[in-house]
Amino acid sequence: MALTNKAFDEIMDSLEKMNDRQLQQVITKGIKEKKFTGIYKTKLARVNNINLEEHLKNAGMGHICPRCGSTLIVSTGRRENGVQRLKCQSCGHRFTYFTDTILEKTKYTWDGWIEVVYLMLQNASVDTIKANLEASYLVPSIHRQTILLWINKITEACKELEQPILSGVVECDETGFRESQKGSKDLKDPLHPKEKRAPRMRKKASELGALGPEWNNVLCAIDHSGHVIAKHIGVGAAKEIDFDTYIAPHLGSVSYLCSDANGLYDKWCRKNSTLHYIRPSYYVDRLKECKGDKDMIEKYYNQQMLDYILEYGTFNMGYKQFCKIRKENSLSLAHVNEFHSMLKNDIRTGKRNVSSKNLDGWIAWECMCVNWRADHGKLPSTRNDAEKIFVQLLQTKRNILVKEIRTRKVDFTHVSSQYISNLEKKTEQARKKKQNYRVYLTSEAFNENFNTREFLQRLPVSQLKLLARKCGMKKFYSAKKGRTWALMKEVEKQPDLKDAIDSLIADWGTTNNEDAQ
């Protein structure tokens, strides 16, 4: 049925009142109904490319030569599809406004890309993104795999965003995500990388817990202004070099570093003369044992069985002074634990887990959202926020190729075969001691950078005497607080010291909940 002149005039008049999204919906419907091809499709692509160029110009693209950095740039005409050619007068290099950006060779609209970023902020599914693009954004049809590639390009660009400098009170801790090889046909066994593993159920327990190669380790640091740094370092326990490479460069004037009793944080504090607030992983259990008894709490504090502060590696702060400092500076691990919960909720639940090979990009995306909240007072949630974020991502000039995305493999090289062997041995010892196969070692109990002297220096008198008994010693040289040096020297000479330390760790350094790690 033909449209009457009156109805046609009404449509034409209404075009002036339409916003960009409504206009794109009308054009999209026309493309679908009339199945425009040939010259219509070419003209539409030309208009779209010119529109994208205007946005790229506003974002600062095309003003600097990507090869030599010169600003002497001239235009040299347009291609048939409307893309403006650019030439550097210094080195002769030819490029376009799209060069080295996510939008290079795209055939989709600016608003379509903004919609993808906006829906990612809403934790929308791929099917939801597909439906929205096909309904409103000049996309007659789009494959799910294309959308996944877009998402990977966006999260990869997040890794190149400028990171904040953390200062004041900084909280550090690790969190874990089970290794995942979603989308891969060749599944590697993390315990034996040269072998293949069978597909598994999501709820199947790991063999060695969060310190084993079956779990991805993410190092996190957050200050009390809300700015955060996080990095996926690989599988297995964090090493000192990981902290020094990914977290330490972003630490400014740190007054207190808050962490668990993992030795790598203490080493950094000693090296940088920083006060170190420590809350051991068994803190809650020990606090429950006290049942509110102030004398017992103070006793446990003096034995370093609750939270405490090390002053440049030395424990010499009285309990009352500690309580005052803890309250004045709000020392805890609450902020970093909140960030862990957000990560797990968004990645494990919202996205039903992601492949380990793409985890680093998603961690960068989550950091970007949290840092946005710290700077703007709220999480990004509107299309206007999504557009500002997209402009920042374009300015990183990071455009990962589809080939790189498809050929990327899960990396299990962060841990060695010797590391796995030692972890298996110590985990088995701990399980026999506790008579529970669900026991896993914590990062405080198992650390490949283990230093015997530091370990002995940090032991309270009661545990140092217990270690001496495990070594078969009977004389303790009247050891008491502040006078343990002679006993430590004798303990270090014992031939069975290593086995005695392993036994002590099995008694005190285990947990029954691998997710707590």
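As a starting point, this report considers the structure included with it. Numbers given to residues run from 1 along each chain, matching the order in which its sequence is written. Owing to the predicted nature of the model, reporting of local features is limited to residues with pLDDT of at least 70; listing and counting of side-chain atom pairs is limited to 80 or more, with chain, interface and lining totals taken over all residues. Computation of side-chain values: all heavy atoms of the structure, hydrogens and water removed.

### Description of the nonpolar core
Now for step 1: Residues enter a nonpolar core if they are buried and are Ala, Val, Leu, Ile, Met, Phe, Trp, Tyr or Cys, with the set joined through side-chain atoms within 4.5 Å. Each residue gets one of three labels from its accessible area relative to the maximum for its type: buried under 20%, exposed over 50%, partly exposed in between, using a 1.4 Å probe on protein chains only. Ranked by size, the top nonpolar core spans 86 residues in total, and within it L103, L133, I363, W365 and F390 carry the most contacts.
Now for step 2: Working definition: helices are DSSP H or I runs of at least four residues, strands are E runs of at least two. Numbering for both runs from the N terminus. The dominant element in this core, judged by the number of residues it contributes, is helix α13 (residues 359-376), at 10 residues.
Now for step 3: Residues in contact with I363, not counting those within four places in the same chain, are F177, V218, A230, K231, L343 and I347.
Now for step 4: One finds C172, I233, A238 and V254 within the second-largest nonpolar core, a separate group that totals 18 residues. We call two residues contacting when some pair of their heavy atoms lies within 4.5 Å.

### Topic: the sheet that holds strand β2 (residues 84-88)
Now for step 1: Two strands qualify as a pair provided DSSP detects at least 2 bridges between them. Taking strand neighbours across the sheet as the criterion, the three strands line up as β1-β2-β3 in an open arrangement whose pairing is antiparallel. The open sheet is flanked by β1 (73-78) and β3 (94-95), the only strands paired with a single partner.

### With respect to the state of the cysteines
Now for step 1: The disulfide criterion used throughout: a pair of cysteine sulfur atoms within 2.5 Å. Taken as a whole and judged by the stated rule, the model has zero disulfides.
Now for step 2: C172 forms no disulfide, and the closest cysteine sulfur to it belongs to C269, at a distance of 8.2 Å.
Now for step 3: For the unlinked cysteine C258, the closest cysteine sulfur is that of C172, found at 8.4 Å.
Now for step 4: When its relative accessible area of 0% is taken as the criterion, C258 is described as buried.

### Quick look at the side chain of R197
Now for step 1: You can see R197 is positioned in the loop between β6 (192-196) and β7 (215-223).
Now for step 2: We call two N or O atoms a polar contact when they sit within 3.5 Å, provided that within protein one can donate a hydrogen and the other can accept it, with sequence-adjacent residues counted only if both atoms are side-chain atoms. A distance of 3.3 Å separates a polar atom in the side chain of R197 from a polar atom in the side chain of E179.
Now for step 3: With near-sequence residues (within four places) excluded, R197 lies in contact with E179, Q181, L187, K188, D189 and P190.

### Brief notes about the packing of aromatic side chains
Now for step 1: Ring pairs shown here join Phe, Tyr and Trp side chains whose ring centres sit within 6.5 Å, with only the six-membered ring taken for Trp; geometry is labelled stacked below 30 degrees between planes, edge-to-face above 60, and tilted in between. In this structure the tally under the stated criterion is 11 aromatic pairs.
Now for step 2: For the ring pair Y301 and Y319, a centre distance of 5.2 Å and an interplane angle of 55 degrees mean the geometry is tilted. Within this pair, whereas Y301 is found in helix α10 (residues 294-302), its partner Y319 is found in helix α11 (residues 319-329), the two being separated by 18 residues in sequence.
Now for step 3: Y301 gets classed as buried once you look at its relative accessible area, which sits at 1%.
Now for step 4: Here the aromatic rings of Y308 and F315 are separated by 5.6 Å at their centres, their planes lie at 80 degrees, and the arrangement is edge-to-face.
Now for step 5: Residue Y308 is classed as buried on the basis of its relative accessible area of 4%.
Now for step 6: The buried category is assigned to F315, whose relative accessible area is 17%.
Now for step 7: Through a chain of ring-to-ring contacts, three or more aromatic side chains come together here, namely Y277, Y301, Y308, F315, Y319 and F322.
Now for step 8: Ring-over charges, as used throughout, are those where CZ of Arg or NZ of Lys falls within 6 Å of the ring centre and within 35 degrees of the ring normal. Cation over ring: R279 sits above Y283, and NZ or CZ is 4.2 Å from the ring centre.
Now for step 9: Across from the ring centre of Y118, 4.2 Å away, lies the NZ or CZ of R383, which sits over that ring.

### Section: the packing of helix α4 (residues 110-121) against helix α14 (residues 383-395)
Now for step 1: Think of each axis as a best-fit line through the C-alpha atoms, taken over the contacting stretch in the case of a helix, with angles from 0 to 180 degrees between the N-to-C directions. Contact geometry for α4 and α14: axes closest at 8 Å, N-to-C directions at 105 degrees. When the axis of α4 is compared with that of α14, the two are roughly perpendicular. Contact residues: W110, W113, I114, E115, V117, Y118 and L121 in α4; R383, A386, E387, I389, F390, V391 and L394 in α14. Working definition: roughly parallel below 35 degrees, roughly antiparallel above 145 degrees, roughly perpendicular at 65 to 115 degrees, and oblique for all remaining angles.

### A few points about a nonpolar patch on the surface
Now for step 1: Patch construction takes residues with relative accessible area above 30% that form no salt bridge. Like charges are linked within 9 Å, and nonpolar side chains (Val, Leu, Ile, Met, Phe, Trp, Tyr) are linked within 5 Å. Method for areas: the Shrake-Rupley scheme with a 1.4 Å probe, in which residue coverage is limited to the protein chains shown. Only one rule defines a salt bridge in this text: a Lys or Arg side-chain nitrogen within 4 Å of an Asp or Glu carboxyl oxygen. A cluster of nonpolar side chains, L3, F8, I11 and M12, forms an exposed patch at the surface whose accessible area comes to about 370 Å².
Now for step 2: As for its placement among the helices and strands, L3 is situated in the segment before α1 (5-15).

### Some remarks on the environment of Y419
Now for step 1: Looking at the secondary structure, you find Y419 in helix α16 (residues 417-434).
Now for step 2: Taking relative accessible area as the criterion, Y419 reaches 5% and is therefore assigned buried.
Now for step 3: Each C-alpha atom, one on Y419 and one on G236, is 8.8 Å from the other, the two residues being 183 residues apart in sequence.

### Quick look at the sheet that holds β7
Now for step 1: The mixed open sheet is built from six strands, whose spatial order is β8-β7-β4-β9-β10-β11. This sheet does not close on itself; its edge strands, each paired only once, are β8 (228-235) and β11 (308-310). Sheet twist, expressed as the average angle between the axes of neighbouring strands with direction ignored, equals 30 degrees.
Now for step 2: Here seven bridges tie β7 to β8, and the two strands are oriented antiparallel to one another. In the strand pairing of β8, I222 is matched with V228.
Now for step 3: Along the sheet, helix α8 (residues 263-271) makes contact with β4 (166-178), β7, β9 (251-259), β10 (275-278) and β11, crossing β9 at roughly 140 degrees.

As far as function goes, none of this settles anything; it's purely spatial.
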